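Spelled out, the chains give:
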Amino acid sequence: MKKDIILAGVGGQGILSIAAIIGTAAIDAGLYLKQAEVHGMSQRGGDVHSNLRISDKEVASDLIPEGKADMIISVEPMESLRYLPMLAPGGWLITNTKPYVNIPNYPDLDEIIKEIKSVPNHIALDANEIAIDLRQKRAANMVILGASSPFLGLDYTQLEKAIINIFKTKGEEIIEANIKALKTGREFAENYIKN
Amino acid sequence: MKKLLLLGDEAIAQGAIDAGISGIYAYPGTPSTEIMEYVFGSREAQEKNIRTGWATNEKTAMEAALGMSYVGKRTLVCMKHVGLNVAADAFINSAITGANGGLVVVAADDPSMHSSQNEQDSRFYGKFAMIPTLEPSNQQEAYDMIRYGFIISEKFEIPILVRITTRLAHSRAGVERKEADTQNNIQLPGNPKQFILLPANARRQYRHLLDIQTDFQEDADTSNFNQYFDGPDKSLGIIVCGIAYNYLMENFPDRNIPYPILKIGQYPISRPKMKRLYEECDEILVLEDGYPVVEELINSFFELGKKIKGRLEGTIRRDGELNPNIVGKALGLEIPETRPIPDLVTSRPPKLCKGCPHIYSYNALNEALAEYAKGRVFSDIGCYTLGALEPFEAINTCVDMGASITMAKGASDAGFKPSVAVIGDSTFTHSGMTGLLDVVNDKAPITVVILDNGTVAMTGGQTSSATGKIEKICEALGVEQEHIIVLNPLPKNHEENMLTFKREIEYKGVSVIIPRRECIVTAAKRLRIEKKNKEL
């Protein structure tokens, strides 16, 4: 078992929380893991990404080679495309469709969606809208994690456990909200695959 | 013991805690900041009464650590690569004094300049100081090397340099801890003259440093961190340093590499191992992140020997961080074509946060300077450096910590008036104060803007040494009281602030303007904690 994952977004959108949850679940499952993060200057509203590698064998490189990522998980649509050179043929692109517009020349959203849909294996959903419907507007990242969960090669209950573990200091309410967001994202992906 | 999931930085911190350090000293700087932060947050470190806390700059950190070593205690000092330039005087001389308690210096290099102004290679500093240098390839080695570093620091009575790069510093993996050492007791050096670098003593000490170079060499020959893996195909021999080893391995999924490999984690380089590789193989490929330090060493000046391939020779590009693909190409492996980035994807540079006080300082400053020709704002290192970008384009220089004030002075000395310096609060106490003293002593008519957001913001909001002290410092340095002006950079104060800037820029003497408002990220964090405490 090996999953090489690119996590993408804009500084402050919570991709490191996604990484922490997958990472915790992977370690609990007895897997090896390496996860490279971006700290420092780029966190100030710039594009950020993380290389997350989980495997049943020891992982060598902290960075995924180009063209070898099994999936790109992105909380922002344009950012999902920035890492396409990393994606392996047949890899999955799972992305939020809600743009984060903090630059004056943000491209046309329809064009972005068209590019996303040109990737054969993709799941695109408005995670912000789903999160707002759930009255958990800060849990859009968990919706995206949920939508990617069928492809992670990890037991779903392990992801739930990881959320409980990681958010334990934040109280019951936050934990439940995040688990609900995770579940809704997963259901979206499952329905999408079925159809 | 269960493995801990740690960043390279955190593995170093845990290694130091377990090595029995009595204190850690550092100034924040990406990618080294998380070492101190981990020790801060460690309950174990608190229980063991390990001294923590941010220093005013890397030099004061290095010197305090040397003091702790002098009394026989183990201590860790951490900084980013350019921080070692600031600490260099103390660092180089610490090799002459030697250490008493174990002293390990961590320098975190930043190839590709993710968050830095150069990609200098700290291994040169290790060579320059003539001390053993360790370079881990992964998080476990980072932990183990720190433990080992303290052992050899005390064995050879010498400071040890540990060089890491951003990728290791900010990447997580499982790390297994080993049994912890207890802290040393206070014990002064056996030789009471060891730390007195008067020329007569210094000559003796330097001679000693030269003599023990062979010990360092022998230790590197037998070190577990320098390993020779033989291979059947001698058409190529590979020398691989630090984290580059992982990229090499990545290109062989079955981990079966046909070529002989010399994996280097400890410097000075083991001569016998290097010699064996050179003699047995037809060509040599050197894989090292950073400068071609090893390649240059083995490449004869006239290129009379075997072909040495690497960054100097050109097989690998000279700048930027290595990765599995670059290494794969250097090995002549076929790298499959990948999908390109769609043309519509645009860059998304970092920017000042919404509501950031610097925005309003720059708006007022820009307007105040509108009547003059451009190019007169000398700035510095911090979040506010983003003021160079659109829409502000408010600053014209960013070189090194503190350079804003002194460069503005130099420009003013040359007759370029007005000249303005823009510096952050923490950068001011780090390296700006001495420059301001020059300005006052020379009566250079510049305006110094000290953006005081009450924190070291760029690196994530660490405590600033300047907080609550700036006006007093400026006054003590000789700036006239009526020309030390504090203002609140809010949009509603724009007109008033702009006029203050204008007036002080026109003033033909030294003036200091301090736009003061808490960093909004720090403020949000503080409010969250206060709210939580209220609920409890």
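The structure presented is a predicted model; accordingly, all values stated were derived computationally and were not measured.

**A few points about the overall build of chain A**
So, step 1. If you tally the helices and strands in chain A, you get 7 helices and 6 strands.
So, step 2. Listing the helices and strands of chain A from first to last along the sequence gives β-α-β-β-β-α-β-α-β-α-α-α-α.
So, step 3. Here the C-alpha radius of gyration of chain A, 16 Å, is about what a compact globule of 195 residues would show, namely 16 Å.
So, step 4. Sorting the 195 residues of chain A into buried and exposed places 59% on the buried side.
So, step 5. Considering only intrachain contacts with a sequence separation of at least 6, the fraction spanning at least 24 residues in chain A is 64%.
So, step 6. When the accessible surface of chain A is summed, it comes to about 8,000 Å², and 49% of that surface belongs to carbon and sulfur atoms.
So, step 7. Taken together, the 21 basic and 25 acidic charged side chains of chain A have centroids lying 2 Å from each other.

**Describing the packing of aromatic side chains**
Residue and element names in this part refer to chain B.
So, step 1. Taken as a whole, this structure holds 11 aromatic pairs over all chains when the rule is applied.
So, step 2. When the ring of F156 is compared with that of F216, the centres are 5.3 Å apart and the planes differ by 70 degrees; the resulting orientation is edge-to-face. In this pair, F156 is assigned in helix α8 (residues 139-156) and F216 in helix α11 (residues 213-222), connecting sequence segments 60 residues apart.
So, step 3. When its relative accessible area of 11% is taken as the criterion, F156 is described as buried.
So, step 4. Put simply, the rings of F91, Y125 and F128 pair up and form one aromatic cluster.
So, step 5. The ring of Y245 has K263 lying over it, and the distance from NZ or CZ to the ring centre is 5.0 Å.
So, step 6. Above the ring of F416, the side-chain terminus of R376 is found at 4.4 Å from the ring centroid.

**Quick look at the sheet that holds strand β9 (residues 236-241) of chain B**
Residue and element names in this part refer to chain B.
So, step 1. Pairing within the open sheet is mixed, and its 5 strands lie in the order β8-β10-β9-β12-β13. Of all strands in the sheet, those with a lone pairing partner are β8 (227-229) and β13 (307-309), marking the two edges. Averaged over all pairs of adjacent strands, the angle between their axes in this sheet comes to 20 degrees, without regard to strand direction.
So, step 2. The pairing of β8 with strand β10 (residues 261-264) spans 3 bridges and is antiparallel. Following the sheet pairing, Q227 is matched in β10 by K263.

**Comments concerning the interface of chain A and chain B**
So, step 1. The interface is formed by 48 residues belonging to chain A together with 46 residues belonging to chain B.
So, step 2. Roughly 4,000 Å² is buried in total at the junction of chain A and chain B, and carbon and sulfur atoms are behind 55% of that figure.
So, step 3. Here E250 of chain B and R53 of chain A are joined by a salt bridge, their closest N and O atoms 2.8 Å apart.
So, step 4. On inspection of chain A and its partner chain B, the count reaches 19 residue pairs in polar contact (both at pLDDT 80 or more).
So, step 5. Contributions of two or more residues to the side of chain A that touches chain B are made by α1 (15-28), β2 (32-36), β3 (47-55), α2 (77-82) and α3 (109-117) of chain A.
So, step 6. Take the side of chain A that touches chain B: its biggest share by element is 5 residues, from β2 of chain A.
So, step 7. Tallied by class, residues from the side of chain A that touches chain B come to 22 nonpolar, 13 polar and 13 charged.
So, step 8. In the sheet, β2 of chain A pairs with strand β7 (residues 171-175) of chain B via 3 bridges, with the strands oriented antiparallel.

**What to know about the pairing of β2 of chain A**
Looking down a regular strand, the side chains alternate between one sheet face and the other.
All names here are of chain A.
So, step 1. Within β2, 4 of the 5 residues are buried, leaving the element largely enclosed by the surrounding structure.
So, step 2. Direction of pairing for β2 relative to β3: antiparallel, over a ladder of 5 bridges. Residue pairing across strands places A36 opposite N51, the latter belonging to β3.

**Points about the pattern of salt bridges**
Residue and element names in this part refer to chain B.
So, step 1. For the structure shown, the criterion picks out 48 salt bridges over all chains.
So, step 2. Here R276 makes a salt bridge to E280, at a shortest N to O gap of 3.2 Å. A residue pair is termed a helical-turn pair when its members lie 3 or 4 positions apart in one helix, as R276 and E280 do in helix α13 (residues 271-280) at 4 residues.
So, step 3. Residue E280 is classed as partly exposed on the basis of its relative accessible area, which comes to 33%.
So, step 4. Members of the salt-bridge network, linked through shared partners, are D109, D121, R123, E135, R163 and E288.

**Topic: the pairing of strand β4 (residues 69-74) of chain A**
Residues and elements named next belong to chain A.
So, step 1. Across the 6 residues that make up β4, a large majority, 5, are buried.
So, step 2. The sheet contact formed by strand β1 (residues 2-10) and β4 spans 4 bridges and is parallel. Within β4, the residue paired with I5 across the bridge is M71.
So, step 3. Direction of pairing for β4 relative to strand β5 (residues 87-96): parallel, over a ladder of 5 bridges. Note on β5: the bridge partner recorded for M71 is W92.
So, step 4. Tracing the backbone out of β4, into α2 and back to the parallel element β5 gives a crossover that is right-handed.

**Digging into the packing of helix α10 (residues 199-211) of chain B against α11 of chain B**
Residues and elements named next belong to chain B.
So, step 1. Following both chains from N to C, one finds α10 and α11 inclined at 30 degrees, their axes separated by 4 Å at the closest point. As summarised for this structure, α10 and α11 are arranged roughly parallel, according to the angle between their axes. Taking contact as the criterion, the partners of L209, L210 and D211 in α10 are, on α11, Q213, T214 and F216.
So, step 2. Grouping the amino acids of the contact of α10 with α11 by side-chain chemistry returns 3 nonpolar, 2 polar and 1 charged.

**Quick notes on the domain arrangement of chain B**
Often, the extent of an interface is quoted as the loss of accessible area on bringing the components together.
Residues and elements named next belong to chain B.
So, step 1. Partitioning chain B into domains gives domain 1 (3-211), domain 2 (227-330) and domain 3 (357-522).
So, step 2. Distance between the C-alpha centres of domain 1 and domain 3: 33 Å.
So, step 3. Each partner contributes to the interface: domain 1 provides 13 residues, whereas domain 3 provides 14 residues.
So, step 4. The largest share of the area that domain 1 buries against domain 3 comes from Y27, T56 and Q117, three residues that together contribute 46% of it.
So, step 5. Our count for the contact surface shared by domain 1 and domain 3 stands at 0 salt bridges.
So, step 6. Among the residues making up the side of domain 1 that touches domain 3, the classes are represented as 5 nonpolar, 6 polar and 2 charged.

**With respect to the sheet that holds strand β18 (residues 484-487) of chain B**
All names here are of chain B.
So, step 1. Across the sheet, which stays open at both edges, the 6 strands sit in the order β15-β14-β16-β17-β19-β18 with parallel pairing between neighbours. Sheet topology places β15 (397-398) and β18 at the edges, where each strand pairs with a single neighbour.
So, step 2. Sheet topology note: the strand β14 (residues 377-379)/strand β16 (residues 420-424) ladder contains 2 bridges and is parallel. Residue pairing in the sheet places F378 in a bridge with A421 of β16.
So, step 3. Here helix α16 (residues 357-369) sits on the sheet in contact with β14, β16, β17 (447-451) and β19 (511-515), set at roughly 180 degrees to β16.
So, step 4. Strands β14, β15, β16 and β17 of the sheet are contacted by helix α17 (residues 403-413), whose axis makes an angle of about 175 degrees with β16.

**Overview of the side chain of E10 of chain B**
So, step 1. With respect to the helices and strands, the residue E10 of chain B is situated in helix α1 (residues 8-18).
So, step 2. With near-sequence residues (within four places) excluded, E10 of chain B lies in contact with L5, Y38 and R172 of chain B.

**Here we look at the state of the cysteines**
All names here are of chain B.
So, step 1. As enumerated under the stated definition, the model contains 0 disulfides over all chains in all.
So, step 2. Left without a disulfide partner, C281 is nearest to the cysteine sulfur of C241, which lies 15 Å away.
So, step 3. C353 carries a free sulfur, and the closest cysteine sulfur to it, the one in C356, is 6.1 Å from it.
So, step 4. Judged by its relative accessible area of 23%, C353 is partly exposed.

Conventions used here
Residues numbered from 1 in each chain as written. Chains lettered and ligands numbered in written order. Predicted model: local features only at pLDDT ≥ 70, side-chain atom pairs only at ≥ 80, totals over all residues. Heavy atoms only, no water. Helix = DSSP H or I, 4+ residues; strand = E, 2+ residues; numbered from the N terminus. Rg over C-alpha atoms; globule rule 2.2 N^0.38 Å. Buried < 20%, exposed > 50% of the residue type's maximum accessible area, 1.4 Å probe, protein only. Contact = heavy atoms within 4.5 Å. Areas by Shrake-Rupley, 256 points an atom, 1.4 Å probe, with all protein chains shown as cover. Lys, Arg positive; Asp, Glu negative; His and termini not counted. Charge placed at Lys NZ, Arg CZ, Asp CG, Glu CD. Phe/Tyr/Trp six-rings, centres within 6.5 Å; stacked < 30°, edge-to-face > 60°. Lys NZ or Arg CZ within 6 Å of the ring centre and 35° of its normal. Pairing = 2+ DSSP bridges. Axes fitted to C-alpha atoms, helices over the stretch in contact; angles between N-to-C directions. Buried area = accessible area lost by both parts, 1.4 Å probe. Salt bridge = Lys/Arg side-chain N within 4 Å of Asp/Glu carboxyl O. Polar contact = N/O pair within 3.5 Å; in protein donor to acceptor, adjacent residues only side chain to side chain. Nonpolar A, V, L, I, M, F, W, Y, C, P; charged D, E, K, R; others polar. Right-handed = clockwise from strand over helix to strand, strands pointing away. Parallel < 35°, antiparallel > 145°, perpendicular 65-115°, else oblique. Domains from an automatic or database assignment. Disulfide = S-S within 2.5 Å.

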